[in-house]
Amino acid sequence: AYGDLLLQCREREDWAVDDVTTLLSPPTAQDKIALRLAAEAARQETLGDVVDVRGAVEFGNECRKDCFYCGLRKSNRHLTRYRLSEEQTMQAIEDLYNMGIRTIILQSGEEDERATASIVDLIRTIKSRFGLRITLSLGERSLADYHAFRQAGANNYLLRIETTDPELFRRVHPDDDLEERMQHLIWLREAGFLLGTGGLVGLPGQSISSLAQDILYWRKLGANMIGIGPFLPAAHTPFSQLEPGDLDLTLRVYAVTRLLCGRTFIPSTTALASLHPEGQKLGLQWGANSIMLTHTPEEVRAHYHLYQNKAKVDLDFACQSILDAGRQIPPYLRWTQKEERY
Ligand code: 5AD
Ligand code: SF4
């Protein structure tokens, strides 16, 4: 019966939450292998074996919100707050450009509206100097900001829904409203961005059927990118003592997302790499097709403290995950494997 459901993934249009919940819960070890292989076949057919590598610069960690799970939350007084200058940010971007990377992600906490002009300037400078594709990951901002960023040349915007369970969303986001967050994604699309979204696996009280609903939401939205990470406890947050999300469940969410969301980009996330030493490789073997490395200056890197034990996903780490997963390094990347000694 599980195998029948897997076969339906190719054509079936309307999915009930119950069936997606079943897909997420293979009853036997064999069924679990079948899920992974089906996801890998779908990924292989739609996107091939090359893993797309993108580079993020975390240019500031100030945040006006207080999400219970996140180390950057404004009530965390134990964190050193920083904001890179335009020169520092451009240096990091130039490094990424020299690695051969073609898509960069500008990421920060949710800054206040006064930051808008400096971000618009940054986008223009990056476009004129390097012509890179630009993804923004800056949280919820005004409709006017979204248009200004798009006009300045940014291409993609990443805004995770985190969870589509209204009760759970409210419990972990003291400042946010689920409907509003969904409206922001519509605004972003209307402003002309390619949409990235995604969510967390393992929030307290999150059920499998709630994860099934997240996947159906991403599918309906037609997201171009879906970033999925396990919840990881962060020091000095209300959730610091909770258990991290489950590796196995996170991988099953990757696979079912690949099966139901088609050609979408699924990164094997830093959170997955931080949960387990082989997490990033495993993500690539369960439906993911890209990696977002981080290239934040060494002096401030530790302050972008979303959660504890964050893995350092640099160029070497990303390429090692790709090779370990048996996949291909993209030809545009300038990376040579360190010589094997024996
Ligand atoms: N564990 C895992 N992911 C987290 N994020 C924030 N805090 C955590 C955490 N404790 C993710 C959220 C958010 C992005 C900034 O980082 O999904 O979208
Ligand atoms: Fe701020 Fe985003 Fe962290 Fe929430 S998840 S506290 S908005 S950085």
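Residues numbered from 1 in each chain as written. Chains lettered and ligands numbered in written order. Predicted model: local features only at pLDDT ≥ 70, side-chain atom pairs only at ≥ 80, totals over all residues. Heavy atoms only, no water.

Enquirer: Report on the packing of aromatic side chains, specifying residues and quantitative values.
Expert: Throughout the structure, instances matching the rule amount to five aromatic pairs. Aromatic pair Phe68 and Phe239: ring centres 5.9 Å apart, planes at 45 degrees, arrangement tilted. Highlighted residues: Phe68 in the loop between β1 (52–60) and α4 (86–98) and Phe239 in the loop between β6 (225–230) and α10 (247–260), separated in sequence by 171 residues. Classification of Phe68 as partly exposed rests on a relative accessible area of 25%. A relative accessible area of 12% means that Phe239 is categorised as buried. Where Phe231 meets Phe239, the ring centres are 6.2 Å apart and the plane angle is 85 degrees; that geometry is what we call edge-to-face. Both residues of the pair, Phe231 and Phe239, belong to the buried class. Aromatic rings pair up to connect Phe68, Phe231 and Phe239 into one cluster. Across the ring face of Trp15, the terminal group of Arg12 is positioned such that the distance to the ring centre comes to 4.2 Å. (Phe/Tyr/Trp six-rings, centres within 6.5 Å; stacked < 30°, edge-to-face > 60°. Helix = DSSP H or I, 4+ residues; strand = E, 2+ residues; numbered from the N terminus. Buried < 20%, exposed > 50% of the residue type's maximum accessible area, 1.4 Å probe, protein only. Lys NZ or Arg CZ within 6 Å of the ring centre and 35° of its normal.)

Enquirer: Lay out the site of ligand 2 in plain terms, naming residues and giving numbers.
Expert: Every residue close to ligand 2 is listed here: Cys63, Lys65, Cys67, Tyr69, Cys70, Leu72, Arg73 and Gly109. In terms of residue class, the shell around ligand 2 is made up of five nonpolar, one polar and two charged. (Near = heavy atom within 4 Å. Nonpolar A, V, L, I, M, F, W, Y, C, P; charged D, E, K, R; others polar.)

Enquirer: Run through the pairing of β6, naming residues and quoting values.
Expert: Within a regular beta strand, the side chains point alternately toward one face of the sheet and then the other, so they alternate between its two faces. Taking burial as the measure, the six residues of β6 include six buried ones, the bulk of the element. Two elements, strand β5 (residues 194–201) and β6, share six bridges in a ladder whose sense is parallel. By the bridge assignment for β6, Val201 is matched with Pro230. For the crossover that starts at β5, traverses helix α9 (residues 208–221) and ends in the parallel β6, the hand is right-handed. (Pairing = 2+ DSSP bridges. Right-handed = clockwise from strand over helix to strand, strands pointing away.)

Enquirer: Explain unusual backbone geometry to me, using residue names and the numbers behind them.
Expert: Phi is positive for Glu162, close to 70 degrees, though the residue is something other than glycine. Mapped onto the secondary structure, Glu162 falls in the loop between β4 (156–158) and α7 (166–172).

Enquirer: Outline the environment of Met182, supporting the account with residue identities and numerical values.
Expert: Inspection of the secondary structure assignment puts Met182 in helix α8 (residues 178–190). In this structure the C-alpha to C-alpha distance between Met182 and Glu40, which are 142 residues apart in sequence, comes to 30 Å.

Enquirer: Describe the pattern of salt bridges, naming the residues involved and giving the relevant values.
Expert: Under the counting rule described, the total for this entry stands at 24 salt bridges. We note a salt bridge from Arg171 to Glu167, for which the minimum N-O separation is 3.4 Å. In this pair, Arg171 and Glu167 both sit in helix α7, four residues apart, roughly one turn of the helix. Relative accessible area serves as the criterion here: at 40%, Arg171 is assigned to the partly exposed category. Its salt-bridge partner being Glu278, residue Lys281 comes within 3.5 Å of it at the nearest N-O pair. (Salt bridge = Lys/Arg side-chain N within 4 Å of Asp/Glu carboxyl O.)

Enquirer: Got a sec to walk through helix α14 (residues 315–324)? Specific residues and values, please.
Expert: Taken together, the buried positions of α14 are occupied by Leu315, Ala318, Cys319, Ser321 and Ile322. Seen end-on, α14 carries its buried residues on one side only, within an arc spanning 155 degrees. Among the structural elements, β1, α12 (279–284) and β7 (290–294) are those in contact with the buried residues of α14. Downstream of α14 by one or two residues, Gly326 has phi in the positive range, about 75 degrees. (Arc of directions from axis to C-beta. Contact = heavy atoms within 4.5 Å.)

Enquirer: Let's hear about the packing of α9 against α10: which residues, and what values?
Expert: Across the interface, α9 lies against α10 with an axial gap of 10 Å and an inter-helix angle of 35 degrees. Here α9 and α10 pass one another in a crossing that is right-handed. Touching Ile208, Leu211, Ile215, Leu216, Trp218 and Arg219 of α9 are Leu249, Val253, Val256, Thr257 and Leu260, all from α10. Looking at the contact of α9 with α10, its residues break down into nine nonpolar, one polar and one charged. (Axes fitted to C-alpha atoms, helices over the stretch in contact; angles between N-to-C directions. Left-handed = near helix turned anticlockwise from the far one by under 90°.)

Enquirer: So what's going on with the sheet that holds β1? Which residues, and what values?
Expert: Within the open sheet, the seven strands sit side by side as β6-β5-β4-β3-β2-β1-β7. Their pairing is parallel. Single-partner strands in this sheet number two, and they are β6 and β7. Pairs of neighbouring strands in the sheet enclose a mean axial angle of 25 degrees, with direction left out of account. Those strands touched by α8 are β4 and β5, and its axis lies near 155 degrees from that of β5.

Enquirer: I'd like a rundown of helix α5 (residues 116–130), residues and numbers included.
Expert: Along an α-helix, residues three or four positions apart point the same way, because every turn accommodates 3.6 residues. The end-to-end C-alpha separation of α5 is 21 Å, in line with the 21 Å expected for 15 residues at 1.5 Å each. Buried residues of α5: Thr116, Ile119, Val120, Leu122, Ile123, Thr125, Ile126 and Phe130, and no others. Of the surrounding elements, those touching the buried residues of α5 are β1, α4, β2 (103–108), β3 (133–137) and α6 (143–152). Gly131 sits one or two positions beyond α5 and adopts a positive phi of about 60 degrees. (Expected span 1.5 Å × (residues − 1).)

Enquirer: Any chance you could break down the site of ligand 1 for me, citing the residues and the numbers?
Expert: Around ligand 1 sit Tyr69, Cys70, Arg160, Glu162, Leu200, Pro230, Phe231, Leu232, Leu306 and Tyr307, and those are all the residues in its vicinity. In this structure, Tyr69 approaches ligand 1 through a main-chain N or O atom, which is 2.8 Å from a nitrogen atom. Grouping the constituent residues of the shell around ligand 1 by class yields eight nonpolar, no polar and two charged. (Polar contact = N/O pair within 3.5 Å; in protein donor to acceptor, adjacent residues only side chain to side chain.)

In short, the description is geometric, and any link to function would need to be established separately.
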